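Residue-level listing of the chains:
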Amino acid sequence: MRGLCRQFSVDYFQSFLLRTDYLERFSFLQGKIEHLIFELEGPCRAQATNILDEILSAKSSGLSEDYIRTLLLQFLLYVSICSEKEQKDGSNPYNHKIFNSFQQLVEQQFKSTKLPSVYADQLFITPNHLNAICKSYIGQSAGEIIRNRIVLEAKRLLINRNLNITEIANELQFKDNSYFTKFLKIH
């Protein structure tokens, strides 16, 4: 078995695409469990593999990052077309928009806002409705999503910076250093 891993953020395409929400159109990038893993069959798989090989070749040849961006976007579009043929999304578009908005809010505010009820208020829904939407999309409650994001950031700060636990607790806006330590141990 062989594979390719290409990590990128939303900002990777920002200078490239007019619409900043363009990546939201790809169901497999939205975190819904049943869309995260799928198998491309026959000609779809061959063409997707060819595009990935071209990305690898472009990267090793030192071609411009813009060219690699276009290839990656081509890959995403192609996989989207092929996967939509295989799976039809019967989900509510309103719930999908709320879930995406919640994810964006968490990304922007996870350091300062740790309660699902605050996010629910910002989305003009009840906390129970927010939890139901989150569970239907990724099988986790809103609180778990928030905590997972905080833990991810804490791990990044522990690995990538020369900060001690107290400085990381302050950066993540925990008022009590010992609570932050317990929080990390639990999660």
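The structure reproduced in this document is the subject of the present report.

Criteria and thresholds
- Residues numbered from 1 in each chain as written.
- Predicted model: local features only at pLDDT ≥ 70, side-chain atom pairs only at ≥ 80, totals over all residues.
- Heavy atoms only, no water.
- Disulfide = S-S within 2.5 Å.
- Helix = DSSP H or I, 4+ residues; strand = E, 2+ residues; numbered from the N terminus.
- Buried < 20%, exposed > 50% of the residue type's maximum accessible area, 1.4 Å probe, protein only.
- Core = buried A, V, L, I, M, F, W, Y, C linked by side-chain atoms within 4.5 Å.
- Contact = heavy atoms within 4.5 Å.
- Expected span 1.5 Å × (residues − 1).
- Phe/Tyr/Trp six-rings, centres within 6.5 Å; stacked < 30°, edge-to-face > 60°.

Description of the state of the cysteines
At step 1: Taken as a whole and judged by the stated rule, the model has one disulfide.
At step 2: With a sulfur-sulfur separation of 2.3 Å, cysteine 44 is cross-linked through a disulfide to cysteine 82. Disulfide cysteine 44 to cysteine 82: torsion about the S-S bond roughly -90°, handedness left-handed. One end of the pair, cysteine 44, is in helix α2 (residues 42-61); the other, cysteine 82, is in helix α3 (residues 65-86), with 38 residues separating them in the sequence.
At step 3: Assessed through its relative accessible area of 13%, cysteine 44 is described here as buried.

A few points about the nonpolar core
At step 1: Ranked by size, the top nonpolar core spans 28 residues in total, and within it Phe102, Tyr119, Leu130 and Leu172 carry the most contacts.
At step 2: For this core, the secondary-structure elements that each account for two or more residues are α4 (93-109), α5 (116-122), α6 (127-138), α7 (142-160), α8 (165-171) and α9 (177-186).
At step 3: Among the elements that make up this core, the one with the highest residue count is α7 (seven residues).
At step 4: Residue contacts for tyrosine 119: discarding those within four places in its chain leaves Phe102, Leu105, Val106, Gln109, Phe110, Thr113, Leu130 and Ile146.
At step 5: Within the second largest apolar cluster, 21 residues are counted, among which are Phe13, Phe26, Cys44 and Ile68.

Side note on α7
At step 1: For α7, built from 19 residues, the straight-helix expectation of 27 Å at 1.5 Å per residue is met to within 8% by its first-to-last C-alpha distance of 27 Å.
At step 2: If you check which residues of α7 are buried, you get Ala142, Gly143, Ile145, Ile146, Arg149, Ile150, Val151, Glu153, Ala154 and Leu157.
At step 3: In this structure, the buried residues of α7 make contact with α4, α5, α6, α8 and α9.

Observations regarding unusual backbone geometry
At step 1: Not every positive phi belongs to a glycine, and phenylalanine 124 is a case in point at roughly 60°.
At step 2: Within the secondary structure, phenylalanine 124 sits in the loop between α5 and α6.
At step 3: One non-glycine residue, glutamine 173, adopts positive backbone phi at about 60°.
At step 4: Checked against the element boundaries, glutamine 173 lands in the loop between α8 and α9.

A short note on the environment of arginine 6
At step 1: For arginine 6, the position within the fold is in the segment before α1 (33-36).
At step 2: Take arginine 6: its relative accessible area is 28%, and that puts it in the partly exposed class.
At step 3: On a C-alpha basis, the gap between arginine 6 and leucine 52 in space is 9.7 Å, while along the polypeptide they are 46 residues apart.
At step 4: Apart from residues no more than four positions distant in its own chain, arginine 6 is found in contact with Tyr12, Lys59, Glu65, Ile68 and Leu72.

Some thoughts on the packing of aromatic side chains
At step 1: On inspection of all chains with the given rule, the structure shows five aromatic pairs.
At step 2: Between the aromatic rings of phenylalanine 102 and tyrosine 119, the centroid separation amounts to 5.5 Å while the plane-to-plane angle is 90°, which identifies the pairing as edge-to-face. With phenylalanine 102 in helix α4 and tyrosine 119 in helix α5, this residue pair connects regions lying 17 residues apart in the sequence. Assigned by exposure class, phenylalanine 102 and tyrosine 119 land together as buried.
At step 3: Consider the rings of tyrosine 179 and phenylalanine 183, whose centres lie 6.4 Å apart with planes at 40°: the pair is tilted. Residue tyrosine 179 and its partner phenylalanine 183 are located together in helix α9, separated by four residues, close to a single helical turn.
At step 4: A relative accessible area of 47% means that tyrosine 179 is categorised as partly exposed.
At step 5: Taking relative accessible area as the criterion, phenylalanine 183 reaches 6% and is therefore assigned buried.
At step 6: Grouped by ring-pair contacts, the aromatic residues Phe174, Tyr179, Phe180 and Phe183 constitute a single cluster.

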